[in-house]
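Notes for the structure review
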Amino acid sequence: MAQIETRGHDEAELVDKLVSINRVAKVVKGGRRFGFAALIVVGDTKGRVGFGSGKAREVPEAIRKATERAKRNLVRVPLREGRTLHHDVSGHFGAGHVVMRPAPPGTGIIAGGPMRAVFETLGVQDVVTKSVGTSNPYNMIRATFAALAKLMSPRQVAAKRGKKVGDIIGRREKGSGKRTAGKEKE
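Just so we're clear, the structure is a prediction, and the values are computed from it rather than from any experiment.

We now examine the pattern of salt bridges. For side chains of opposite charge, pairing can occur when their charged atoms come near one another. In the structure shown here, the tally under the stated rule is eight salt bridges. Where K17 meets E120, a salt bridge forms, and the shortest distance between an N and an O atom there is 3.1 Å. Of the two residues, K17 is situated in strand 2 (residues 15-28) and E120 in helix 2 (residues 113-122); the sequence distance between them amounts to 103 residues. Among the residues examined, E120 registers a relative accessible area of 31% and is labelled partly exposed. Residue D88 pairs with R101 through a salt bridge whose shortest N-O separation is 3.0 Å. Of the two residues, D88 sits in the loop between strand 5 (75-76) and strand 6 (89-93) while R101 sits in strand 7 (residues 96-102), which places them 13 residues apart along the sequence. Exposure remark for R101: the relative accessible area of 46% places this residue in the partly exposed category. One connected set of salt bridges, linked through shared partners, spans K17, R116 and E120.

Structural data, given as C-alpha cells:
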C-alpha cells in the first residue's frame, strides 16, 4: 500500500507538473474579483508522488501554494521493475472512476490528461488507464491516488499473509511461459 512520506526529502530532485489553472470570479459591489486555483502534481520519478491545490489572486502565488501542498503530501508507490504497476487496480472519488493496468515494456503511458501527469511524475513508463464518469481534474487526480493507495508489491502481500514472495508470484517453468503457484515439478 502507498505510504505517506513524512521525513525530510531532497527537494532538488522533485519534478512538478501543472495539471490545471482555473479562473474563479467573486462578484462584489464594484464588479468582479478574479482569483486563480491551481492543481499541481509533484514527484521524484522514482516512486514518490503527491498532489496539491492552491488558490490566490495571482497565478504564480496559486502555483507556489499548490506546489508546497503537493510536497507535503508525497506518497510512496511500489513499482514493478521501476517502470510499471504490480497489478490491476481501480479507484474512485466522487463521480470519477479510474482503472489502471500494468503494461509490457514499450507500451508507454496510455492515460488522459491529469492521470498522465501523475504517472509521468511518478516514474511509470508503461501503463494503460481508463477514466470513466468525470473529466473534472480534481476528481480524476483524487481517484488516481485512491487507486495508487491500493497498490501492493508482492513483498507486502507475502508479509501480510505470512508466506514467501515465491509463493505469491509463482515460479516460471522452464521452457514454457506458464506459471505455477508454488508447486514444484517432480
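Turning our attention to the pairing of strand 2. Two elements, strand 2 and strand 3 (residues 31-43), share 13 bridges in a ladder whose sense is antiparallel. Looking at the pairing, K17 lines up with V41 of strand 3. Connecting strand 2 to the next strand, strand 3, in antiparallel fashion are two residues.

Here four strands make up an open sheet; going across it, the order is 6-7-9-8 and the pairing mixed. At either end of the open sheet lies a strand with only one pairing partner, and these are strand 6 and strand 8 (109-110). Across two bridges, strand 8 lies against strand 9 (residues 127-132) in parallel orientation. The residue of strand 9 that forms the bridge with I109 is V127. Packing of helix 3 (residues 137-150) onto the sheet brings it into contact with strand 6, strand 7 and strand 9, and relative to strand 6 it is tilted by some 140°.

Take the side chain of T144 next. Mapping T144 onto the fold places it in helix 3. T144 sits in the buried class, given a relative accessible area of 0%. Polar side-chain contacts of T144 include one of 2.7 Å to the backbone oxygen of M140. The residues contacting T144, other than those within four sequence positions of it, are V98, M100, M115, V118 and F119.

Tallying each qualifying case throughout the model produces one aromatic pair. When the ring centre of F34 is taken as origin, the NZ or CZ atom of R23, which lies over that ring, is 4.1 Å away.

What follows is about unusual backbone geometry. Here the phi dihedral of T45 falls at roughly 60°; this positive angle occurs in a residue that is not glycine. Relative to the elements of secondary structure, T45 occurs in the loop between strand 3 and strand 4 (48-56). What makes T45 partly exposed here is its relative accessible area of 39%. For E81, which is not glycine, the phi torsion reads 55° and is therefore positive. Residue placement: E81 occurs in the loop between strand 5 and strand 6.

To characterise two packed helices, one gives the angle between the axes of the helices and the distance between these axes. Closest axis-to-axis distance for the helix 2/helix 3 pair is 8 Å, and the angle between their directions is 45°. With respect to each other, helix 2 and helix 3 are oriented oblique. At the point where helix 2 passes helix 3, the crossing takes the right-handed sense. On the side of helix 2, the interface is formed by P114, M115, V118, F119 and L122, while helix 3 contributes P137, M140, I141, T144, F145 and L148.

What counts and what doesn't
- Residues numbered from 1 in each chain as written.
- Predicted model: local features only at pLDDT ≥ 70, side-chain atom pairs only at ≥ 80, totals over all residues.
- Heavy atoms only, no water.
- Salt bridge = Lys/Arg side-chain N within 4 Å of Asp/Glu carboxyl O.
- Helix = DSSP H or I, 4+ residues; strand = E, 2+ residues; numbered from the N terminus.
- Buried < 20%, exposed > 50% of the residue type's maximum accessible area, 1.4 Å probe, protein only.
- Pairing = 2+ DSSP bridges.
- Contact = heavy atoms within 4.5 Å.
- Axes fitted to C-alpha atoms, helices over the stretch in contact; angles between N-to-C directions.
- Polar contact = N/O pair within 3.5 Å; in protein donor to acceptor, adjacent residues only side chain to side chain.
- Phe/Tyr/Trp six-rings, centres within 6.5 Å; stacked < 30°, edge-to-face > 60°.
- Lys NZ or Arg CZ within 6 Å of the ring centre and 35° of its normal.
- Parallel < 35°, antiparallel > 145°, perpendicular 65-115°, else oblique.
- Left-handed = near helix turned anticlockwise from the far one by under 90°.

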